[in-house]
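Structure at a glance
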Amino acid sequence: MNKLDNNTIIGLILIGLIMMWIGFTSTPSQSTQENTQTTPTEQPEEEVVESVDLSQPIDNGIAMMQTAAEEFYAMENDLLNLTFSSKGAVLKRVEIKKQFNWKKEPLQLINDNFEWKLLLGKVVAVPTSKLFFRIKDKSDRHITFTTQFEGKDLNITYSLEPGSYRINIDIESPLLSNGGYIDMRMRAFRLEKNRDFESNRTSVYYHLANGKLKNLSETRSDNERAEQLDWIAFRQQFFSVILSSESDFSSAEMTVEPLADENYTKLMALRAELPATTSAVKLHMYLGPNKFNILKKYKNDYEKLIPLGWAIFGWINRGVVIPIFNWLESYNLNYGIIILIMAILIKIVIFPFTYGSYRSMAKMRILKPEMDEINEKYKDEKDQLKKQQALMELYRKSGVNPLGGCIPLLFQLPILFAVFQFFPASFELRGQSFLWAEDLSTYDSILDLPFRIPGYGSHVSLFTLLMTISTIIYTWMNQQLTPQNNQYPQLKYMMYLMPIVFLGVFNNYASGLTYYYFISNIITFGQQYAIKAFIDEEKLHAKIKENQAREVKPSKFMQTFEQLAKEQQAKGNRTIRRRKM
């Protein structure tokens, strides 16, 4: 071993003195440990950390070491229970009050599955997770941690307002003049009954300064880098952790990775770059539910995290479905009753389209004998143009729009797709029971199978089964009302195949959604019987005969339809001629 020189001996003495001084100054005083709501929480044992070596060296090449007892401090409001640690001045536990996980246990969003640290300096990054802090100031609503590093103060203050899911984080230190980073990692707990569904809706989302929301993949491992971000979220199906900065993040690197452990869903991580400032950084951390009205009140586009659908589907949800849902919710009704009333109201609104569709189908049904005669007369492929022209002439003289039964249905499809997005993302339904469904936000199971059926699952959802049966009945009823296409009889069977496919798809979806579709089908049955009783098909037939007896000027739509038919037939004739050559 080489002989120690004077410089080495002096260095060792200095290290020993630094360790003694830090150990003395970082030990909380007796007055610090006395507190009302922000007091040390009861722990099984105090963790004593000895000689903790920083992962990065400081400027003079000497590793920083601290010896202190880790203390825990609690803070709460009417919505959150928070626990902080003096080691790193970090958040250790978050319990959301009045919420429970799928095991009916109090919901802990964070509990030893979360890491948060501030890296001071960009060239030589010093992680605060290795530093021990003492309490500088505290009250029922805030707690300030302080320590010294390289002779400079570092203060981290957490504050929590009543009725808020968002904590404010104020960081003050001259060390911020060199900028820094924030590292945040979370192994997301499994919180919902359907782990696969929850995992496929868990990922890292980020909001850019230009207002755009983007996200990493929800189904596979992924990583991205972005610049100029307002906030970054670890979003789960019904809860989120959102980190935002009042001065924006200069850049951020984000990753997401699925986890095999059944108690977790995804590992999410970020490293966000802080802009260089004089001495202070203001951050916010949202720790709460993905509920539209709650997220919207923070006025930072947090509500964009809720997948309400793009374009018109999102507009319908935000402008129609959510206001109706919230209005009904204000009456403290059971959520199954709310869905029932909402289905009735939506069906009343779109009733004119339903009535128009049924009336058009009735007209086409009256014309079916004449249409069959035309089809029989022009059976040959070479006569297809004549057949189309004859049918167009029949429709024109009868005053019938052949697409009249389809066009009204197109106005209903956006609503069907909108609720398809709304119900699985509706936090309001979480944990709410109705009839046999214990939780309307996930599937209802009346029978758990001892095996898994590919494309279906390992359980039987009764609402999905009822939805499928009612859809098959609805398809059968429409087949009776609509003239059959003799050219393509296989289409008839395709219509029955779709509900069977949906049986497997919707078996794992929210029971609130399949219940809504089932109720909508039942209401549609009632509407069709009412319309059938109201419409006198004999008078309608007489009206069609009257139209056929007089000259009727074709509408612009019919003229366009006829022109398209002619062009399509001409194209078909050219194809036939090329085949014969």
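Residues numbered from 1 in each chain as written. Predicted model: local features only at pLDDT ≥ 70, side-chain atom pairs only at ≥ 80, totals over all residues. Heavy atoms only, no water.

On to the overall build of the protein chain. Broken down by element type, the protein chain carries 14 helices and 21 strands. Relative to its full complement of 581 residues, the protein chain shows a buried share of 48%. Sequence separation of at least 24 residues holds for 66% of the intrachain contacts in the protein chain that already meet a minimum separation of 6. When the accessible area of the protein chain is evaluated, it comes to approximately 29,900 Å², of which 56% is carbon and sulfur surface. (Helix = DSSP H or I, 4+ residues; strand = E, 2+ residues; numbered from the N terminus. Buried < 20%, exposed > 50% of the residue type's maximum accessible area, 1.4 Å probe, protein only. Contact = heavy atoms within 4.5 Å. Areas by Shrake-Rupley, 256 points an atom, 1.4 Å probe, with all protein chains shown as cover.)

To continue, consider the packing of aromatic side chains. All told, the structure shown has 31 aromatic pairs when counted by the stated rule. A ring pair is formed by Phe313 and Phe417, whose centres lie 5.5 Å apart and whose planes are at 55°; its orientation type is tilted. Taken together, the residues span a long stretch of sequence, with Phe313 in helix 5 (residues 311–329) and Phe417 in helix 9 (residues 407–425) at a distance of 104 residues. Following the ring pairs from residue to residue traces out a cluster consisting of Phe197, Phe325, Tyr335, Phe420, Phe422, Phe423, Phe502, Phe506, Tyr509, Tyr516 and Tyr517. Above the face of the Phe197 ring, Arg201 is positioned so that its terminal group lies 3.6 Å from the ring centre. One Lys or Arg, Arg271, reaches over the ring of Tyr181 and ends 5.7 Å from the middle of that ring. (Phe/Tyr/Trp six-rings, centres within 6.5 Å; stacked < 30°, edge-to-face > 60°. Lys NZ or Arg CZ within 6 Å of the ring centre and 35° of its normal.)

We now examine the environment of Leu229. Among the structural elements, Leu229 can be located in strand 16 (residues 222–235). Under the relative-accessibility criterion, Leu229 is labelled buried at 0%. Residues Leu229 and Ser247, spaced 18 residues apart in sequence, show a C-alpha to C-alpha distance of 9.4 Å. Each residue touching Leu229, except ones within four places of it in the same chain, is listed here: Tyr206, His207, Leu208, Ala209, Asp248, Phe249, Ser251, Ala252 and Met254.

A word on unusual backbone geometry. At Asp112, a position not held by glycine, the phi torsion is positive, near 65°. Position of Asp112 among the secondary structure elements: in the loop between strand 6 (106–111) and strand 7 (114–120). Residue classification places Asp112 among the exposed residues on the basis of a relative accessible area of 62%. In this structure, Asn332 is a non-glycine residue whose phi angle is positive, near 55°. By relative accessible area, which is 70% here, Asn332 ends up exposed.

All right, on to helix 6 (residues 335–349) then. Relative to the 21 Å expected for 15 residues at 1.5 Å per residue, helix 6 spans 21 Å between its end C-alpha atoms, a close match to the ideal helical length. Every buried residue of helix 6 is listed here: Tyr335, Gly336, Ile338, Ile339, Met342, Ala343, Ile346 and Lys347. The buried residues of helix 6 occupy one face: seen down the axis, they fall within an arc of 165°. At the N-terminal boundary of helix 6, the capping side chain belongs to Asn334, with an oxygen 2.7 Å from the backbone nitrogen of Gly336. (Expected span 1.5 Å × (residues − 1). Arc of directions from axis to C-beta. Polar contact = N/O pair within 3.5 Å; in protein donor to acceptor, adjacent residues only side chain to side chain.)

Time to look at the pattern of salt bridges. Charged atoms that come close allow side chains of opposite charge to pair. Within this structure, the stated rule accounts for 14 salt bridges. The residue Arg185 makes a salt bridge to Glu115 at a minimum N-O spacing of 3.9 Å. Here Arg185 is found in strand 13 (residues 180–189), whereas its partner Glu115 is found in strand 7, with 70 residues between them in sequence. A salt bridge links Glu227 to Arg225; its shortest N-O distance comes to 3.2 Å. (Salt bridge = Lys/Arg side-chain N within 4 Å of Asp/Glu carboxyl O.)

This part is about the packing of helix 6 against helix 12 (residues 511–534). Orientation of helix 6 relative to helix 12, taken along the N-to-C sense of each, is 45°, at an axis distance of 9 Å. If you check the angle between helix 6 and helix 12, you find them oblique. Judged by the twist between their axes, the crossing of helix 6 over helix 12 is right-handed. Between helix 6 and helix 12, the contacting residues are Gly336, Ile339, Leu340, Ala343, Ile344, Ile346 and Lys347 on the first element and Gly512, Tyr515, Tyr516, Ile519, Ser520, Ile523, Thr524 and Gln527 on the second. The class makeup of the residues in the contact of helix 6 with helix 12 is nine nonpolar, five polar and one charged. (Axes fitted to C-alpha atoms, helices over the stretch in contact; angles between N-to-C directions. Parallel < 35°, antiparallel > 145°, perpendicular 65-115°, else oblique. Left-handed = near helix turned anticlockwise from the far one by under 90°. Nonpolar A, V, L, I, M, F, W, Y, C, P; charged D, E, K, R; others polar.)

Considering the arrangement of structural elements, one finds Ser251 in strand 17 (residues 239–258). Taking relative accessible area as the criterion, Ser251 reaches 6% and is therefore assigned buried. At 2.7 Å, the side chain of Ser251 and the side chain of Glu273 are in polar contact. Discounting chain neighbours no more than four positions away, the residues touching Ser251 are Arg225, Ala226, Glu227, Gln228, Leu229, Arg271, Ala272 and Glu273.

Examined against the element boundaries, Asn317 turns out to sit in helix 5. A relative accessible area of 0% means that Asn317 is categorised as buried. Within the structure, Asn317 has its side chain in polar contact with the backbone oxygen of Leu308 (distance 2.7 Å). Apart from the residues within four sequence positions on either side, Asn317 is in contact with Leu308, Ile322, Pro323, Ala418, Val419, Gln421 and Phe422.

The next point concerns a nonpolar patch on the surface. Among the surface-exposed residues, Met494, Leu497, Met498, Ile500, Val501, Phe502 and Val505 lie close enough to one another that they form a single nonpolar patch of about 580 Å² accessible area. Along the chain, the position of Val501 falls in helix 11 (residues 490–506). (Patch = residues over 30% accessible without salt bridge, like charges linked within 9 Å, V, L, I, M, F, W, Y side chains within 5 Å.)

On to the sheet that holds strand 5 (residues 90–100). Strand order in the open sheet formed by four strands is 3-4-5-6, and the pairing between neighbours is antiparallel. The sheet terminates laterally at strand 3 (72–76) and strand 6, the two strands that pair on one side only. Averaged over all neighbouring strand pairs, the angle between strand axes comes to 20°, with direction disregarded. Bridge analysis of strand 5 against strand 6 gives four bridges, and the strand direction is antiparallel. If you follow Arg93 over to strand 6, its bridge partner there is Asn111. (Pairing = 2+ DSSP bridges.)

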